[in-house]
Amino acid sequence: MGFFTRFLIPNPSPVIYTSMVAIGITILLIVFGLTHFKKWFYLWSGWLTTVDHKRIGIMYLIAALLMLFRGGVDAVMMRAQLAIPDNKLLDSQHYNEIFSTHGVVMILFMAMPYIMALMNFVVPLQIGARDVAFPRLNAISFWLFFMGAMLFNISFVIGGSPDAGWSSYFPLAGNEFSPHVGTNYYMIAIQIAGIGTLMTGINFMTTILKMRAPGMKLMRMPMFTWASLVTSVIIIFAFPVLTVALIMGTMDRLFATKFFAMTDGGMDMLWANLFWVWGHPEVYILILPAFGLFSEIIPTFSRRNLYGYRSMVASMVFISIYSFFVWTHHFFTMGQAAYVNSIFSITTMVIAIPTGIKIFNWLFTMWRGRIRFTVPMLYSIGFIPLFTIGGVTGVMLAMSAADYQYHNTMFLVAHFHNVIIPGVVFAVLGAATYYWPKMFGFMLNERLGKWAFWFLTIGFCLAFFPMYITGLDGQARRIYTYSESTGFGPWNMVTFIGTVLMAISFFLIVYTVYYSIRHAPKDVGDDPWDARSLEWATHNPVPEYNFAIIPQVSSREAFWDAKYKGHELFKGDYEKIHMPNNSGGPFIMSCIFFVFGFALVFSIWFLAIMGLIGIFVCMALRSFEIDHGRYISVEEIKETEAKYGGVNK
Amino acid sequence: MKIDHSQPLEYSTEQNRLNILGFWIFLGAEIMLFATLFASYFTLVDRTGDGPAGARIFEITPVLAETFLLLTSSFVIGLGIHAMRLGHKKAMLTFFVITLLLGLGFLGFEITEFITYYHEGATLQTSAFTSVLFTTLGTHGAHVTLGLFWGTFIVLQVKKRGLTPETANKSFIFSLYWHFLDIVWIFIFTFIYMKGMT
Ligand code: HEM
Ligand SMILES: [Cu+2]
C-alpha cells in the first residue's frame, strides 16, 4: 500500500466529493474572513486561549449546534433513503456509515457538549462562584472534546467513516469485518473526547462541592446544580469503563490483541458488556441535566417554587446509582441465562419509578401556577407527555421476554428517540433560549421560537410514532431498504415528512438567532424572565468576574427571596478579584492530541510517537510553569458595574 | 492568594484545597479504570487459547522483588511527606529521590519480566488472557513510568523554589498518586499473581 492511498475513501460517492469541496471552500472562507476582518488576534486571545467558564460554555454551544447540523444531515439522508421501498439513493455501505456516524455525532458530539455548554455557563453562576475549580483544566476538557469531534468528522473525507453502528459491536467492528480505518476513528476520536468529559466531571464535582457561595448548603442548591453534581459523579464512574473498552478495541484493531476476537479465547460479548456498562449511565448523564434544566424553567414560568425539592434530589441520587445496574437490558437476546434477564428486567423497570416521581413533581409545580407560555416553557410542557410515552415504551422494552420481539426493530429506535428528543433536545433548546440573555445580552425572538417549537414537536411526532408501528410489524433497524410487500412504505413516508419538518425547525432556530441579533433590543435588564435563582442576580451579559460581590445565600430560591422577601444578597464592599490567566496550552496540547489520534488511525507510527512526546512536553511545561493569575482592581470593578447600573441589591 | 497558616502548607490556600479534593476525585476515576481492567481480567483469565496459562509463566522471585520495591517506595514517600510537614527540605528531597529510584527498580524488574514472558511464548497477541494480562500490568507500569517523570519534575521544583504552598501541594498530591499505585499493585499481586500461581 502506498503511503497516500490509505487516505482515500474506500467507497466514494458524489455526495462525498461534494462535501469535500464544500469543506474546502468553508475553510478557505473562514481563513479569508478572519484575515480580511483582522480577527486572528481576537480569535486567539478572546477564545482559543480563554479559561473563562462562560466563554467555554459558549464554544461548547457553537460546537453542539454545528454537530446538530452534521447529525441532522445524516438523519435526513437516512430517512430519505427509507422513504420509499427499494430505494436506490444510498447503498448499504453508505447507509451503514451514515447511521453509525449519526449515532455517535448526536450522542457524543451534540447532546453531550450541549449539556456541557449549559453546565459550564450556568453552574458557577448558580452557586455564586467566579469560575470553576480548575479553569485551565476546563479549557483542556473543551479542546479535547472539540478535537475528538473534529477527528471523528474528517473520517468521511479521509479514509472512510465507521460503519459498525454507534455501539460498534465486535466481531463486526473487528478488522475482519470492518477492514478500513473507519472504526479506528471511532475508537480514537471518542477516546480523546471522553478524556475531556472525564476531566469535566472531576472539575464540576470539585466546583460544586467546594465553591458554593456562603450560606448555600447542599439542600439549598438550585436543581440544575444538583443535577450537574449527580451527573458529574456518574461521569466519574462511567467514563473510565469506556476508556478501557476503547483501549481494548483500539488494541484489537491496531495490535491484533485478542480481547474481542473470535479466536484464541477472545470474547466478543465483553465489548457489549463494557460498552453498555458505560452506555446506560451515559443516557442518564444526558437526561439528568435535562431534568435539571426543566426544573429551572418550569418554576420560573409557573411562578411557583419547585414542588417536592427533596424527592427530586432523592430520585436523582437513586437513578444515578441504579443506572449502573441495568446495562444488560441492551442485549436480552444475546443468550444469557433466563434468571439474569429477569433480574435486569426488574431493575430496569424499577428505574422508571423515580422518573415518574419527577414527572409528578413538575406537574404539581405547574398546578395552580400562573403559567406563561414562553418558548422555554413550551419546550417544558411539550416534554412532559412526550417523554412519558418514551418512558412507557422503555418499560415495555424492559420486559425481557417481550424484548425478543422489539429488540433491534424500529420500535427500539422510536423508544430512544422518544426519550432523547423531547427529553434532552427539548431541554437544551429551551434552556438555550432561557439563558440566551445571560449569555449575549438580548432575547431570542419569541414568535419565531414558537414556530420552531411547533415544527419540531409536530415533526417529531410524525417522524417517530409510525416507527412504533412498523417496528412491531417487524421493520428492523440498521437495514438500508425494504421491499414493497412489507407494507412499511407509507409509514416510512410519514416519517420522512416528519424529518423534513424537524429539519425546517432547525433552520428556523438558526434564523431566530440571526433575526434576533439584528432586531432584538439590546438592553433587556438583568432579570427578563422574573427568575428565581442566583444566576439572575448578576448582569446580562455577565461580566467576566461574574459577581462583583460574592452573594450571601439564606434560602433555596435566593434571588427570588432577595427580590420579594427583602433578603440581602450582596453585603460589603468591592474587593479586588483574583482571576486565572488565559493560556494557549490547552489548545496547543489538544491540537497535538488531534495529530496523535490521526497518526494512530492510520498507523503512522513515527508521527504517533512524535505526537505522544509532544503531549508529554506540554504537560512537563505546564508542571514547571509559574502562574499566580491576575487581579481585577477595585477601580475596574467600579467602572464595569457603573456601566451596568450597579450591583443588584 | 490568602495563606492560612493554621493548616499544613499543602492545604494552606483555597486553590491547594481544591487541588487535593480534585485529585482524590480523579483517583476515584482511576479506581474505576483499574476495576474495569480487573473485571475484564477475571472474565478472560481462563481463555488462554493455545497460549500458556498464568501458572506456567508467572515466577515468584521477580514478582516478590517488584512488590518489595514498590511497597518500600510507598513507605519512603510517606517519610518524605512527613519531612515536608516538618519543613526539612533536604530530608524530603532525599526521601523523594529514594522513592523514585525504587520505582525505577520496580520498572526494571517489570520490563525483564515482560521479556521473559515474551521468550516463553506469551505475547500481547497470544490469547485473550495474555492480552488482558499485559494490558493490566502495562497500564499500571505506564502509571509508574509517568510517575517517575512527574516525581522528577517535582523534585527539581522543590529544589529550585523551596517549600512553597505550591510545591508542597504538588508533592503531597504526587504522594497520593504514588500510594494509589501501590494499592493497585497489591491487588495485582494478590489477584493476578498469587491467585494465578496456585
Ligand atoms: C423509563 C425509563 C427507561 C426504560 C425502562 C428504558 C428501557 C430501555 C430498554 C429495555 C432498552 C433496550 C431495548 C432493546 O435493545 O431491545 C433501551 C434502549 C435505549 N434507551 Fe432506554 N429506557 C428508559 C429511559 C431512557 C432514557 C431517559 C434515555 C436517554 C436519554 C434512553 C435511551 C436509550 C437508548 C439510546 C437506547 C438504545 C441504544 C441502542 O441500542 O442503540 N432510555 N431502553
Ligand atoms: Cu439502557
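Here the residue index of a chain counts from 1 through its sequence in written order. All chains are assigned letters beginning at A, and all ligands numbers beginning at 1, according to the order in which they are written. The predicted nature of this model means local features are confined to residues of pLDDT at least 70 and side-chain atom pairs, given and counted, to a pLDDT of 80 or more, with totals for whole chains, interfaces and linings taken over all residues. Only hydrogens and water are set aside; all other atoms, that is, all heavy atoms of the structure, feed into the side-chain values.

1. As for the overall build of chain B
Here is step 1: When helices and strands are counted, chain B shows six helices and zero strands.
Here is step 2: Listing every helix and strand of chain B by position from the N terminus yields α-α-α-α-α-α.
Here is step 3: The dimensions of chain B, computed from C-alpha atoms along their principal axes, are 65 × 30 × 25 Å.
Here is step 4: Here chain B, with 198 residues, has 52% of them falling under the buried criterion.
Here is step 5: The long-range share in chain B, meaning contacts at least 24 apart out of those at least 6 apart in sequence, stands at 80%.
Here is step 6: Areas reported here follow the Shrake-Rupley algorithm with a probe of radius 1.4 Å; residue values treat only the protein chains shown as occluding. Carbon and sulfur atoms form 71% of the exposed surface of chain B, whose accessible area is close to 8700 Å².
Here is step 7: Here chain B contributes 12 positive and 13 negative side-chain charges, whose respective centroids are spaced 14 Å apart. Think of it this way: any DSSP run of H or I at least four residues long counts as a helix, any run of E at least two long counts as a strand, and we number them from the N terminus. The buried label applies to any residue whose accessible area, calculated with a 1.4 Å probe on protein chains only, is under 20% of its type's maximum; exposed applies above 50%, and partly exposed to all values in between. The contact rule is simple, with two residues in contact once any of their heavy atoms fall within 4.5 Å. Asp and Glu are treated as the negative residues and Lys and Arg as the positive ones, with His and the ends of the chain left uncounted. Every charge is mapped onto a representative atom, which is NZ of Lys, CZ of Arg, CG of Asp or CD of Glu.

2. Re the overall build of chain A
Here is step 1: Within chain A, the secondary structure is distributed over 20 helices and two strands.
Here is step 2: Just to be clear, the radius of gyration here is over C-alpha atoms, and the globule rule we use is 2.2 Å times residues to the power 0.38. For chain A, the C-alpha radius of gyration of 25 Å lies close to 26 Å, the compact-globule estimate for 649 residues.
Here is step 3: For chain A, the spread of C-alpha atoms along the principal axes amounts to about 70 × 60 × 50 Å.
Here is step 4: Evaluated residue by residue, chain A yields a buried proportion of 60% over its 649 residues.
Here is step 5: For chain A, the proportion of contacts with a sequence separation of at least 24, taken over those separated by at least 6, is 82%.
Here is step 6: With 41 positive and 34 negative side-chain charges, chain A shows a separation of 7 Å between the mean positions of the two kinds.

3. Observations regarding the environment of Leu8(A)
All names here are of chain A.
Here is step 1: Along the chain, the position of Leu8 falls in the segment before helix H1 (14-36).
Here is step 2: Leu8 gets classed as exposed once you look at its relative accessible area, which sits at 54%.
Here is step 3: Considered as a pair, Leu8 and Phe156 are 148 residues apart in the sequence and their alpha carbons are 9.9 Å apart.

4. Comments concerning the interface of chain B and chain A
A common way to state how big an interface is: give the accessible area lost once the parts meet.
Here is step 1: Every contact between the two is made by 37 residues of chain B and, on the other side, 37 residues of chain A.
Here is step 2: Where chain B abuts chain A, roughly 3100 Å² becomes buried across the two surfaces, and 71% of that area is made up of carbon and sulfur atoms.
Here is step 3: By the criterion of area lost to chain A, the three top residues of chain B are Leu18(B), Ile25(B) and Met32(B), representing 16% of everything that side buries.
Here is step 4: Salt bridges are identified by distance alone: a Lys or Arg side-chain nitrogen within 4 Å of an Asp or Glu carboxyl oxygen. Linking chain B to chain A there are zero salt bridges. Note on terms: buried area is the combined drop in 1.4 Å-probe accessible area of two parts once they are placed together, counting the loss on both.

5. With respect to the coordination of the iron atom of ligand 1
When a metal holds four donors in a tetrahedron, each ideal angle between them is 109.5 degrees; when it holds six in an octahedron, the ideal angles are 90 or 180 degrees.
Here is step 1: Its sole protein donor being His415(A) (NE2), the iron atom of ligand 1 sits 2.2 Å from that atom.
Here is step 2: Residue position: His415(A) is located in helix H14 (residues 410-440). Water is not part of the atom set, so a site may look incomplete; the donors themselves are N, O and S atoms within 2.8 Å of the metal, or 3.2 Å for Na, K and Ca.

6. So, the coordination of the copper ion (ligand 2)
Residue and element names in this part refer to chain A.
Here is step 1: Here the copper ion (ligand 2) is held by the protein donor atoms His280 (ND1), His329 (NE2) and His330 (NE2), which lie 1.8 to 2.1 Å from it.
Here is step 2: Donor residues for the copper ion (ligand 2), ordered by position in the chain, follow H-x48-H-H.
Here is step 3: The distance between the copper ion (ligand 2) and the iron atom of ligand 1 is 4.6 Å. Of this pair, His280 sits in helix H8 (residues 268-302) while His329 sits in the loop between helix H9 (309-322) and helix H10 (338-350); the two residues are 49 residues apart in sequence, bridging distant segments of the chain.
Here is step 4: Classification of His280 as buried rests on a relative accessible area of 6%.
Here is step 5: The buried category is assigned to His329, whose relative accessible area is 15%.

7. A look at the site of ligand 1
All names here are of chain A.
Here is step 1: Only heavy atoms are used to decide nearness, and a residue is near a molecule or strand if one of them lies within 4 Å of it. Ligand 1 sits among 23 residues. The nearest are Trp166, Asp403, His407, His415 and Arg477.
Here is step 2: Within the side chain of Trp166, an N or O atom sits 2.8 Å from an oxygen atom of ligand 1.
Here is step 3: Two N or O atoms count as a polar contact when they lie within 3.5 Å, although within protein this holds only if one can serve as hydrogen donor and the other as acceptor, and sequence-adjacent residues are included solely when both atoms are side-chain atoms. One of the side-chain N or O atoms of His407 is found 2.7 Å from an oxygen atom in ligand 1.
Here is step 4: Those elements that place two or more of their residues in the shell around ligand 1 are H8, helix H12 (375-398) and H14.
Here is step 5: Looking at which element gives the most residues to the shell around ligand 1, the answer is H12, with six residues.
Here is step 6: The class makeup of the residues in the shell around ligand 1 is 14 nonpolar, seven polar and two charged. Classification convention: Asp, Glu, Lys, Arg as charged; Ala, Val, Leu, Ile, Met, Phe, Trp, Tyr, Cys, Pro as nonpolar; all other residues, Gly among them, as polar.

8. Some words on helix H19 (residues 605-624) of chain A
Within an α-helix, residues lying three or four positions from one another point in the same direction, as the helix has 3.6 residues per turn.
Here is step 1: Between its terminal C-alpha atoms H19(A) stretches 29 Å, which fits the 28 Å expected from 20 residues at 1.5 Å a residue.
Here is step 2: Within the sequence span of H19(A), burial applies to Ala608(A), Gly611(A), Gly614(A), Ile615(A), Cys618(A), Ala620(A) and Ser623(A). An expected span of 1.5 Å times one less than the residue number is assigned to each helix.

9. Some words on the nonpolar core
Residues and elements named next belong to chain A.
Here is step 1: Among buried residues, the Ala, Val, Leu, Ile, Met, Phe, Trp, Tyr and Cys ones that are joined through side-chain atoms within 4.5 Å form a nonpolar core. Core analysis: the biggest nonpolar cluster contains 261 residues, and Phe109 and Trp362 have the highest contact counts within it.
Here is step 2: Those residues in contact with Phe109 that lie beyond four places of it in its chain are Ala63, Ala64, Met67, Val104, Phe145, Gly148, Ala149, Phe152 and Ala193.
Here is step 3: In terms of nonpolar packing, the next biggest core, distinct from the first, is built from six residues, Tyr545, Ala548, Ile577 and Ile632 among them.

10. Topic: the packing of aromatic side chains
Here is step 1: In summary, the pairing rule links any two rings of Phe, Tyr or Trp, Trp by its six-membered ring, whose centres are within 6.5 Å, and it sorts them by plane angle into stacked for under 30 degrees, edge-to-face for over 60 and tilted for everything else. The full count for this structure, using the stated rule, is 88 aromatic pairs over all chains.
Here is step 2: Pairing Phe174(B) with Trp178(B) gives two aromatic rings, centres 5.7 Å apart and planes at 40°, and the pair type is tilted. Of this pair, Phe174(B) and Trp178(B) are both found in helix H6 (residues 165-197), four residues apart, which corresponds to roughly one turn of the helix.
Here is step 3: Among the aromatic side chains, those forming a connected cluster through ring pairs are Trp44(A), Tyr60(A), Phe109(A), Phe142(A), Trp143(A), Phe145(A), Phe146(A), Phe152(A) and Phe587(A).
Here is step 4: We count a charge as sitting over a ring when the NZ of a lysine or the CZ of an arginine lies within 6 Å of the ring centre and within 35 degrees of the ring normal. If you follow Arg70(A) out to its NZ or CZ, it ends over the ring of Phe156(A), 4.9 Å from the centre.

11. A word on unusual backbone geometry
Residue and element names in this part refer to chain A.
Here is step 1: The omega torsion across Phe170 and Pro171 is 5°, close enough to zero to call that bond cis.
Here is step 2: Turning to its location among the elements, Pro171 is positioned in the loop between helix H5 (135-153) and helix H6 (182-210).
Here is step 3: Omega for the bond connecting Asn540 with Pro541 falls within 30 degrees of zero, at -20°, which places this linkage in the cis form.
Here is step 4: Following the sequence through the fold, Pro541 ends up in the loop between helix H16 (489-519) and helix H17 (558-564).

12. Observations concerning the pattern of salt bridges
Here is step 1: Tallying each qualifying case throughout the model produces 14 salt bridges over all chains.
Here is step 2: Salt-bridge contacts for Glu625(A) lead to Arg136(A); the nearest nitrogen and oxygen are separated by 2.9 Å. Of the two residues, Glu625(A) sits in the loop between H19 and strand E2 (630-632) while Arg136(A) sits in helix H5, which places them 489 residues apart along the sequence.
Here is step 3: According to the relative accessible area criterion, Glu625(A) is partly exposed, its value standing at 34%.
Here is step 4: Where Glu14(B) meets Arg17(B), a salt bridge forms, and the shortest distance between an N and an O atom there is 3.2 Å. Placement of the pair is Glu14(B) and Arg17(B) together in helix H1 (residues 14-44), with a separation of three residues, close to one helical turn.
Here is step 5: You can call Glu14(B) partly exposed: its relative accessible area is 40%.
Here is step 6: The network of salt bridges with common partners includes Arg136(A), Arg622(A), Glu625(A) and Asp627(A).

13. Side note on the side chain of Ser73(B)
Residues and elements named next belong to chain B.
Here is step 1: Looking at the element boundaries, Ser73 is found in helix H3 (residues 60-85).
Here is step 2: One polar contact links Ser73 to Trp178, side chain to side chain, over a distance of 2.7 Å.
Here is step 3: Ser73 has contacts with Thr99, Leu102 and Trp178, leaving out every residue within four places of it along the chain.

14. A short note on the environment of Ile111(B)
Residues and elements named next belong to chain B.
Here is step 1: Mapped onto the secondary structure, Ile111 falls in helix H4 (residues 89-119).
Here is step 2: We classify Ile111 as partly exposed; its relative accessible area is 47%.
Here is step 3: Separated by 50 residues in the primary sequence, Ile111 and Arg161 have C-alpha atoms spaced 34 Å apart.

15. Comments concerning the packing of H19(A) against helix H5 (residues 128-161) of chain B
Here is step 1: H5(B) packs onto H19(A) with a crossing angle of 25° between their chain directions and a minimal axis gap of 10 Å. What the angle tells us is that H19(A) and H5(B) run roughly parallel. In this structure, the crossing between H19(A) and H5(B) has a hand that is right-handed. Only Leu146(B), Phe153(B), Leu156(B), Gln157(B) and Arg161(B) of H5(B) make contact with H19(A), whose side of the interface consists of Phe616(A), Ala620(A), Ser623(A) and Phe624(A).
Here is step 2: For the contact of H19(A) with H5(B), the residue count by class is six nonpolar, two polar and one charged. Orientation is described by axes fitted as lines to C-alpha atoms, over the contacting stretch for helices, and by angles from 0 to 180 degrees between their N-to-C directions. Put simply, angles under 35 degrees are roughly parallel, angles over 145 are roughly antiparallel, angles from 65 to 115 are roughly perpendicular, and the rest are oblique. The sense of a crossing depends on the near helix, which, turned anticlockwise from the far helix by less than a right angle, makes the crossing left-handed and, turned clockwise, makes it right-handed.

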